Amino acid sequence: MEAIRAEHLSKHYGEGDTLVRALTDASLVLHTGSVVALLGPSGAGKSTLVKTLGLVTLPDSGRIYMDGALVLDERGLHASVQELRRSFFGFVFQRPNLVPFLSAQKNVELACEIGGTPKRRARELLEWLDVGHRASAMPDTLSGGEQQRVAIARALANKPRLLLADEPTAALDKERGRAVMELFRRVAREQGAAVLVVTHDHRTLDVFDELHEMEDGRLGPAHAA
Ligand SMILES: Nc1ncnc2c1ncn2[C@@H]1O[C@H](COP(=O)(O)OP(=O)(O)O)[C@@H](O)[C@H]1O
Ligand SMILES: [Mg+2]
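Let's shift gears to the site of ligand 1. Taken together, the neighbourhood of ligand 1 is formed by Tyr13, Val20, Ala22, Pro41, Ser42, Gly43, Ala44, Gly45, Lys46, Ser47 and Thr48. The contact in question runs from an oxygen atom of ligand 1 to an N or O atom on the backbone of alanine 44, over 3.2 Å. Backbone polar atom of serine 47 to an oxygen atom of ligand 1: 2.8 Å apart, as the coordinates give it. For ligand 1, whose unbound accessible area comes to 560 Å², protein coverage reaches 59%. Elements represented by at least two residues in the shell around ligand 1 include exactly strand S2 (20-31) and helix H1 (46-53). Broken down by element, the shell around ligand 1 gets its largest block of residues, three residues, from H1.

What follows deals with the packing of helix H5 (residues 144-156) against helix H6 (residues 174-190). How two helices sit against one another is set out by the angle between their axes and by the gap between those axes. Packing of H5 against H6 leaves a shortest axis separation of 10 Å and a crossing angle of 15 degrees. It follows from the interaxial angle that H5 and H6 lie roughly parallel. Handedness of the H5/H6 crossing: right-handed. Counting all contacts with H5, which are made through Gly145, Gln148, Arg149, Ile152 and Leu156, the residues of H6 involved are Arg176, Ala179, Val180, Leu183, Phe184 and Val187. The residue inventory of the contact of H5 with H6, partitioned by class, reads seven nonpolar, two polar and two charged.

Before going further, it helps to spend a moment on the domain arrangement of the protein chain. Frequently, the measure chosen for interface size is the accessible area removed from exposure when the parts meet. When the domains of the protein chain are assigned, the result is domain 1 (2-88 + 160-221) and domain 2 (99-159). Taking only C-alpha atoms, the centre of domain 1 and the centre of domain 2 are 23 Å apart. Contact residues are listed per partner, giving 17 residues for domain 1 and 18 residues for domain 2. Roughly 1400 Å² of surface becomes buried between domain 1 and domain 2 when both sides are summed, with 59% attributable to carbon and sulfur atoms. Of all residues in domain 1, Arg86, Pro160 and Gln191 give up the largest surface area on contact with domain 2, accounting jointly for 37% of the area buried on that side. Between domain 1 and domain 2 we count zero salt bridges in total. The interface formed by domain 1 and domain 2 includes six residue pairs in polar contact (both at pLDDT 80 or more).

Burial analysis of strand S3 (residues 35-39) places five of its five residues in the buried class, the great majority of the element. Every second residue of S3 is oriented toward a common face, with Val35, Ala37 and Leu39 on one face and Val36 and Leu38 on the other, all of them buried.

All right, on to the sheet that holds strand S6 (residues 76-77) then. Spatially, five strands are ordered S2-S1-S4-S5-S6 in an open sheet, and the strand pairing comes out antiparallel. The open sheet terminates on both sides in strands that have one partner only, identified here as S2 and S6.

A few words on the nonpolar core. Membership of the largest hydrophobic core comes to 40 residues, with the highest contact counts inside it found for Ile152 and Phe184. Looking at this core, the elements that each hand over two or more residues are S3, helix H3 (104-115), helix H4 (120-128), H5, strand S8 (162-166), H6 and strand S9 (194-198). Two domains each put at least three residues into this core: domain 1 (2-88 + 160-221) and domain 2 (99-159). Discounting chain neighbours no more than four positions away, the residues touching phenylalanine 184 are Val35, Val92, Ile152, Leu163, Ala165, Pro168, Val195 and Val197. Judged by nonpolar contacts, the second largest core, of 30 residues, contains Ala26, Leu28, Leu53 and Phe88.

The full count for this structure, using the stated rule, is 15 salt bridges. The residue glutamate 83 makes a salt bridge to arginine 86 at a minimum N-O spacing of 3.6 Å. Remark: arginine 86 and glutamate 83 occur in helix H2 (residues 81-87); sequence separation between them is three residues, near one turn of the helix. Arginine 189 is the partner of aspartate 209 in a salt bridge, and the nearest nitrogen-oxygen pair spans 2.9 Å. Placement of aspartate 209 in the loop between S9 and strand S10 (210-215) and of arginine 189 in helix H6 is noted, with a sequence separation of 20 residues between them. Of the residues examined, aspartate 209 reaches a relative accessible area of 37% and is grouped as partly exposed. For arginine 189, a relative accessible area of 41% puts it in the partly exposed group. Several salt bridges converge on common partners, so that one network encompasses Glu2, Arg5 and Glu7.

Calculation criteria
Residues numbered from 1 in each chain as written. Chains lettered and ligands numbered in written order. Predicted model: local features only at pLDDT ≥ 70, side-chain atom pairs only at ≥ 80, totals over all residues. Heavy atoms only, no water. Near = heavy atom within 4 Å. Polar contact = N/O pair within 3.5 Å; in protein donor to acceptor, adjacent residues only side chain to side chain. Areas by Shrake-Rupley, 256 points an atom, 1.4 Å probe, with all protein chains shown as cover. Helix = DSSP H or I, 4+ residues; strand = E, 2+ residues; numbered from the N terminus. Axes fitted to C-alpha atoms, helices over the stretch in contact; angles between N-to-C directions. Parallel < 35°, antiparallel > 145°, perpendicular 65-115°, else oblique. Left-handed = near helix turned anticlockwise from the far one by under 90°. Contact = heavy atoms within 4.5 Å. Nonpolar A, V, L, I, M, F, W, Y, C, P; charged D, E, K, R; others polar. Domains from an automatic or database assignment. Buried area = accessible area lost by both parts, 1.4 Å probe. Salt bridge = Lys/Arg side-chain N within 4 Å of Asp/Glu carboxyl O. Buried < 20%, exposed > 50% of the residue type's maximum accessible area, 1.4 Å probe, protein only. Pairing = 2+ DSSP bridges. Core = buried A, V, L, I, M, F, W, Y, C linked by side-chain atoms within 4.5 Å.

Set out below in structure tokens:
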């Protein structure tokens, strides 16, 4: 099933001498149950694509369909971004950015509340992500890998149809990074989501169903990794 279909997305920043074409005619389809990597050098436009798919920034042109419904075209938005944020997307970033004065479980419970899912889902997700034993710990007492698992649990609180992860393992060592990448695969298979992961780590590409690569704002199939 198509979770999201993006057609001919373009996005620029600045103007004149400072004009940057961050995204040029990018098209991409992400299917429920599949985990897809987005590769490419720094400045290629990966974060811009992720933010555009997540409706954090709007493209200059192009169309986006979610679950088959037209959400965005040249005439603008056809759905409530707030409602889609609440129910369609999950985001994971390089830094976990947990609320520092709330326990791991409370961090996820807060997201359940916002996402309209029962609070008990928080504990279930932490168990499912193998950090249930750290549920009552405060963020600053967790390892980087544990914090990122809690951040993934938080991103899954609202049962997202699309999980967008922008360099989620960049701050982790090799082994912990790999473990987190394998979790994204499990998320796709077992949580009914499509998962897009921006990564520089060529050692974990075997985890993914598809590889795409960006260069100078253009998106294409990845070259042999
Ligand atoms: N808010 C912004 N204002 C101006 N330029 C930006 C902004 N965000 C990104 N850019 C530029 O757009 C290009 C693509 O950036 P980005 O999408 O962050 O690439 P990547 O994630 O692949 O490193 C870069 O040249 C970057 O400097
Ligand atoms: Mg980036």
